[in-house]
Amino acid sequence: MSYDFDTPVDRRGTWCIQWDGVADRFGADGLLPFTISDMDFTSPPEVLDALQRRIAHGVFGYTDWRHDDFLSAVGDWFSSRHGTEIDTGRIVYGPSVLNQLSQLLRMWTEPGDGVVVHTPTYDGFRKAISGLGRELRGVPVGDMTALERQLARPGSKVLVLCSPHNPTGRVWTGAELAQTARLAAAHGVAVVSDEIHADFVHPDFVSDGQRHLPWTRFGTGRWALITSATKAFNFPALSGSYGIIGDPDDHAEFLRRMQTGEGLASPAVLSLTAHIAAYRRGGPWLDALGAYVAGNLRMVAERLGSAFPELGWRPPQAGYLAWIDLRPLGVDDADLQRELIEREKVAIMPGTTYDCDGFVRFNIGCPRPKAEQGVDALIRALRRLA
């Protein structure tokens, strides 16, 4: 089956944050947005068909996720997509990945405790950690010496691993993950691995057959893997996520908290329906989308490389977010945003959102003509400033 990713979908007037909420972050309406990490593509037809059949039933009562339709779909997806067998008896469910992270931080830390994250840091992590009164302890991506130093600090209780990493799109190697697991175990630090970008690894941009490796292969002691199909299959507004918790007592405690203190015993039935359909029948669509997005990323690399070869920019190993280091150009972040917003009428996330000056995060999960408009606008703005 062929899929159409070129035809634009008008998202304006649908209450979406990327298009209708652009003024909230950038101070101006009508900007062409390349911002929050959802895509401008419709969800897979296989998912839409399943949702339509469920809606036609007409009754949307309280729902249970602890049944074989859902659990086996997750287990089979991990097996077929990631070559990893999982214990589906360790699965938990939550409304979002960040909600699960917050719950795990409440379980495993106290106010004032240290939570280690890689920098640049996804802003959702920073908000969750600081909002709970925990101390964020940053470690540069790939710096194992700095990671061990932070894990060894008094009060470091949890490492939040983003795998693949957002915003850089890095896919961790097996050796890196194994070393991370050894360091966390040596210092008694729990690991929460957010793997929501795991289904979007680009084979052409990784080396030597590298692939995403779930944390279930490495976790010892206290750990959790949290993820969702919403990112790869583009239905985040349906909500819904799931996790795998290693320790049986922690698994039981998580379920208890969600069902009692959080009052979240019943999932959103349409999210559950979409997850099952995506994992059972959405693989061909995801493969086609991945190839299309890789084409967008190559286009960005070609145009940036032609305009500014000194950047040496290469596509990310995973995802549809182009993390671009502009520091060789010596451009001021505020000046660049002013040019993009006031003259080019585009919205591109500044690196400062992720505590990283001199970068932009450019969402190219969209039809190619839109992506071309965005990168050309960025190049024009940079030429005026550089």
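**A short note on helix H12 (residues 333-344)**
Then step 1. An ideal rise of 1.5 Å per residue puts 16 Å on twelve residues; H12 measures up with 15 Å between its terminal C-alpha atoms.
Then step 2. Every buried residue of H12 is listed here: Asp-333, Leu-336, Gln-337, Glu-339, Leu-340, Ile-341 and Glu-344.
Then step 3. Buried residues along H12 sit against helix H2 (22-26), strand S10 (346-350), strand S11 (359-363) and helix H13 (368-385).
Then step 4. The backbone nitrogen of Ala-334 has a side-chain oxygen 3.0 Å away, supplied by the residue at the start of H12, namely Asp-332.

**Section: the pairing of strand S6 (residues 190-194)**
Residues in a regular strand project their side chains so that they alternate between the two faces of the sheet.
Then step 1. Across the five residues of S6, five count as buried, placing the element largely inside the fold.
Then step 2. Across the two faces of S6 the burial is the same, with Ala-190, Val-192 and Asp-194 and Val-191 and Ser-193 all buried.
Then step 3. Sheet topology places strand S5 (residues 156-162) next to S6; five bridges connect them, and they run parallel. Counted as the bridge partner of Leu-159 is Val-191 from S6.
Then step 4. Of the crossover connections in this fold, the one passing from S5 over helix H8 (residues 174-186) to the parallel S6 is right-handed.
Then step 5. When S6 meets strand S7 (residues 223-227), the two strands line up parallel, connected through four bridges. Bridging from a neighbouring strand, Ser-193 pairs with Leu-225 of S7.

**Observations regarding the sheet that holds strand S9 (residues 321-325)**
Then step 1. Pairing in this open sheet of four strands is mixed, and the strands run S1-S10-S11-S9 from one edge to the other. Of all strands in the sheet, those bounded by a partner on one side alone are strand S1 (32-34) and S9. Averaged over all pairs of adjacent strands, the angle between their axes in this sheet comes to 35 degrees, without regard to strand direction.
Then step 2. Taken together, the two bridges between S10 and S11 define a ladder with antiparallel strand orientation.

**Describing the pairing of S11**
Then step 1. Counting buried residues along S11, five of its five residues qualify, which places the element largely inside the surrounding structure.
Then step 2. The side-chain alternation of S11 yields two buried faces, one formed by Phe-359, Arg-361 and Asn-363 and the other by Val-360 and Phe-362.
Then step 3. As judged from the five bridges shared by S9 and S11, these two strands associate in the antiparallel manner. Paired with Ile-324 across the two strands is Val-360, which belongs to S11.

**Examining the environment of Glu-195**
Then step 1. Along the chain, Glu-195 falls in the loop between S6 and S7.
Then step 2. Distance in space between the C-alpha atoms of Glu-195 and Pro-214 is 7.6 Å, their sequence separation being 19 residues.

**Focus: the environment of Thr-42**
Then step 1. Along the chain, Thr-42 turns up in the loop between S1 and helix H3 (45-57).
Then step 2. What makes Thr-42 partly exposed here is its relative accessible area of 45%.
Then step 3. C-alpha of Thr-42 to C-alpha of Phe-235: the two residues are 193 residues apart in sequence and 8.6 Å apart in space.
Then step 4. When neighbours within four sequence positions are excluded, Thr-42 is seen to be in contact with Val-9 and Trp-285.

**Some details on the packing of aromatic side chains**
Then step 1. A complete count under the given rule lists 19 aromatic pairs for this structure.
Then step 2. For the pair Phe-5 and Tyr-292, a centre-to-centre distance of 5.5 Å together with 45 degrees between the ring planes defines the contact as tilted. Of this pair, Phe-5 sits in the segment before helix H1 (17-20) while Tyr-292 sits in helix H11 (residues 283-307), and the two are 287 residues apart along the sequence. Neither Phe-5 nor Tyr-292 differs from the other in exposure class; each is buried.
Then step 3. Feature note: the residues Tyr-3, Phe-5, Phe-41, Trp-65, Phe-70, Trp-77, Tyr-93, Phe-233, Tyr-242, Tyr-279, Trp-285 and Tyr-292 constitute an aromatic cluster, connected by ring pairs.
Then step 4. Here the guanidinium or amino end of Arg-66 rests over the ring plane of Trp-65, the centre of that ring lying 5.6 Å away.

Each value, and the rule that gives it
- Numbering of residues begins from 1 in every chain and follows the order in which that chain's sequence is written.
- The predicted origin of the model limits local features to residues at a pLDDT of at least 70 and limits the giving and counting of side-chain atom pairs to 80 or more, whereas totals for whole chains, interfaces and linings rest on all residues.
- Processing note: side-chain calculations cover all non-hydrogen atoms of the structure and skip hydrogens and water entirely.
- Each helix is a run of H or I in the DSSP string that is no shorter than four residues. Each strand is a run of E no shorter than two, and both are numbered from the N terminus.
- One fewer than the residue count of a helix, multiplied by 1.5 Å, yields its expected span.
- Three exposure classes are used, based on accessible area relative to the maximum for each residue type with a 1.4 Å probe and protein chains only: buried under 20%, partly exposed in between, and exposed over 50%.
- Contact definition: two residues touch when any of their heavy atoms are within 4.5 Å.
- Polar contacts here mean pairs of N or O atoms no more than 3.5 Å apart (in protein, one a potential hydrogen donor and the other a potential acceptor; neighbouring residues in sequence count only if both atoms are side-chain atoms).
- Note on pairing: DSSP must find at least two bridges between two strands before they are called paired.
- Handedness is read with the strands pointing away from the viewer; a crossover is right-handed when the path from the first strand over the helix to the second is clockwise.
- For helices, the axis comes from a line fit to the C-alpha atoms of the stretch in contact; other axes are also lines fit to C-alpha atoms, and the angle between any two N-to-C directions lies between 0 and 180 degrees.
- Stacked, edge-to-face and tilted are the three classes for Phe, Tyr and Trp ring pairs, Trp counted by its six-membered ring, which pair at centre distances within 6.5 Å; planes under 30 degrees apart are stacked, over 60 edge-to-face, the rest tilted.
- The criterion is that NZ of a Lys, or CZ of an Arg, lies within 6 Å of the ring centre and within 35 degrees of the ring normal, and then a charge sits over that ring.

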